[in-house]
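Examining the three-dimensional arrangement
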Amino acid sequence: MQEQFRENTFGEYKVRKATNEDAEAVIQLLQDAARWLEGKGISQWEYLRNGGETAEIKQGILVGTTYIVERKKELAATLNLSDVQNEWDMELWGKCQEHSFYIHRLAVAQAYRKQQIGRKLLDWIAQNIRLEKGGIRLDCVADNPALNKFYQQAGYTLMDVVANGEDMFSLYEKSITSKP
């Protein structure tokens, strides 16, 4: 996969593809975020919290779709960004013909929370992604009002709310038209 971004920094933060050496730190950050959500009474990422997505996280690193955000070589955030629909995306969105990028597992390290890193990262992606036409898509649990509000305030449009098993998921999209 070609490099996805025109620039690799925003403010004091550097964005780069995660490497195998980053795997344990990425997994730890995601599991810490899942435990934090659980502590707030938010039913999200239980499978991840219990180690159920470890192989998938490592695979994302191996294929180059996992990114990390660093400040002075300290892990501040992570996300998975791919222009290929995975099985989960197809289940929620259906098979899409238009070119889109999909964000998964966006998490900010506890030391960097409440500093608008997530919002700045989403803005930076939209401004720097190499995409002539299309959009950025993501999903989140529908019963997390704070997260849904966060994505709406970041300029994402609620496209649908869909059921998957017993859970409901909000589907968000941000249209992008930029120069390659």
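Above this note sits the structure.
Below: a short report on this structure.

The rules we used
Residues numbered from 1 in each chain as written. Predicted model: local features only at pLDDT ≥ 70, side-chain atom pairs only at ≥ 80, totals over all residues. Heavy atoms only, no water. Patch = residues over 30% accessible without salt bridge, like charges linked within 9 Å, V, L, I, M, F, W, Y side chains within 5 Å. Areas by Shrake-Rupley, 256 points an atom, 1.4 Å probe, with all protein chains shown as cover. Salt bridge = Lys/Arg side-chain N within 4 Å of Asp/Glu carboxyl O. Helix = DSSP H or I, 4+ residues; strand = E, 2+ residues; numbered from the N terminus. Buried < 20%, exposed > 50% of the residue type's maximum accessible area, 1.4 Å probe, protein only. 1 Å grid on protein atoms, 1.4 Å probe; cavity = no way out; pocket = protein on both sides within 12 Å on 5 of 7 lines; lining within 4 Å. Points joined across faces, edges and corners; volume = space filled by probe spheres on them. Nonpolar A, V, L, I, M, F, W, Y, C, P; charged D, E, K, R; others polar.

Among the surface-exposed residues, L158, V161 and M168 lie close enough to one another that they form a single nonpolar patch of about 230 Å² accessible area. Along the polypeptide, V161 turns up in strand β7 (residues 157–164). The exposure class assigned to V161 is partly exposed, which follows from its relative accessible area of 38%.

With a phi angle near 65°, W45 is a residue other than glycine that sits in the positive phi range. Within the secondary structure, W45 is located in the loop between α1 (23–39) and α2 (46–49). In the Ramachandran plot, K114 falls in the positive-phi region, its phi being about 65° despite a non-glycine side chain. Position of K114 relative to the elements: it lies in the loop between β5 (100–108) and α5 (117–128).

There is about 1600 Å³ of room inside the largest pocket. Along its surface, the largest pocket is lined by 47 residues, and L37, Q44, L106, L147 and Y151 are the ones closest to its centre. For the lining of the largest pocket, the element with the most residues is helix α6 (residues 145–153), which contributes seven residues. Here the residues of the lining of the largest pocket sort into 24 nonpolar, ten polar and 13 charged. Approximately 250 Å³ is the volume attributed to the second largest pocket. Looking at the second largest pocket, it is lined by 14 residues, and the ones nearest its centre are G60, T65, N80, S82 and N86. No other element matches helix α3 (residues 54–63), which puts four residues into the lining of the second largest pocket.

Any functional reading would require information that these geometric values do not contain.
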